[in-house]
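This is what each chain is made of:
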Amino acid sequence: MTSVQYYDSPLGRIRMAADEVGLTGLWFKGSKYDGDRLPADNAEQETEILSTGKRWLDLYFGGQKPDFLPPLHAKGSAFQMTVWDILLQIPYGKTI
């Protein structure tokens, strides 16, 4: 089951989704791909994984370097998984 919650960031409202393993997606509300990969049986409810994601976002938007990474559950093709792995290697506060 996919659980969904919203986070009000300084950049706009973010829809967060997670399953039992980890975060499966974050989208800015109303953006082109907002929730386009959510299963039909998703439910708006708080989970430990979503709460952890919100704590991470609180620190990040508060200008602090989070000392943890919320559980992630990336899905996709072999190419997409390679890209996700590369993105995780970008240091905090840096762009590449």
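What you are looking at is a predicted structure, and each value in this text was computed from that prediction instead of being measured. (Residues numbered from 1 in each chain as written. Predicted model: local features only at pLDDT ≥ 70, side-chain atom pairs only at ≥ 80, totals over all residues. Heavy atoms only, no water.)

Asks: Help me understand the nonpolar core, please; the structure alone is not making it clear to me.
Replies: Most often, soluble globular proteins keep nonpolar side chains buried together rather than apart. Counting residues in each nonpolar core, the largest one holds 8 residues, listed as Tyr 7, Ile 14, Met 16, Ala 18, Leu 23, Ile 49, Leu 50 and Leu 57. Within the residue set of this core, elements represented by two or more residues are strand E2 (12-18) and helix H1 (48-61). Aside from chain neighbours lying at most four places away, what touches Ala 18 is Met 1, Thr 2, Ser 3, Leu 23, Thr 24, Ile 49 and Leu 50. (Core = buried A, V, L, I, M, F, W, Y, C linked by side-chain atoms within 4.5 Å. Buried < 20%, exposed > 50% of the residue type's maximum accessible area, 1.4 Å probe, protein only. Helix = DSSP H or I, 4+ residues; strand = E, 2+ residues; numbered from the N terminus. Contact = heavy atoms within 4.5 Å.)

Asks: Where do I start with the pattern of salt bridges in this structure?
Replies: Summed over all chains, the structure comprises 4 salt bridges. A salt bridge links Arg 13 to Asp 8; its shortest N-O distance comes to 3.1 Å. Accessibility expressed as a relative area gives 41% for Arg 13, which makes it partly exposed. Note on Asp 8: relative accessible area 58%, which makes it exposed. Across the pair Lys 75 and Asp 19 runs a salt bridge whose closest N-O atoms are separated by 3.6 Å. You can see Lys 75 sitting in the loop between H1 and helix H2 (78-87) and its partner Asp 19 sitting in the loop between E2 and strand E3 (23-28), a full 56 residues away along the chain. Under the relative-accessibility criterion, Lys 75 is labelled exposed at 54%. Here the residues in one salt-bridge network are Arg 15, Lys 29 and Asp 34, joined through shared partners. (Salt bridge = Lys/Arg side-chain N within 4 Å of Asp/Glu carboxyl O.)

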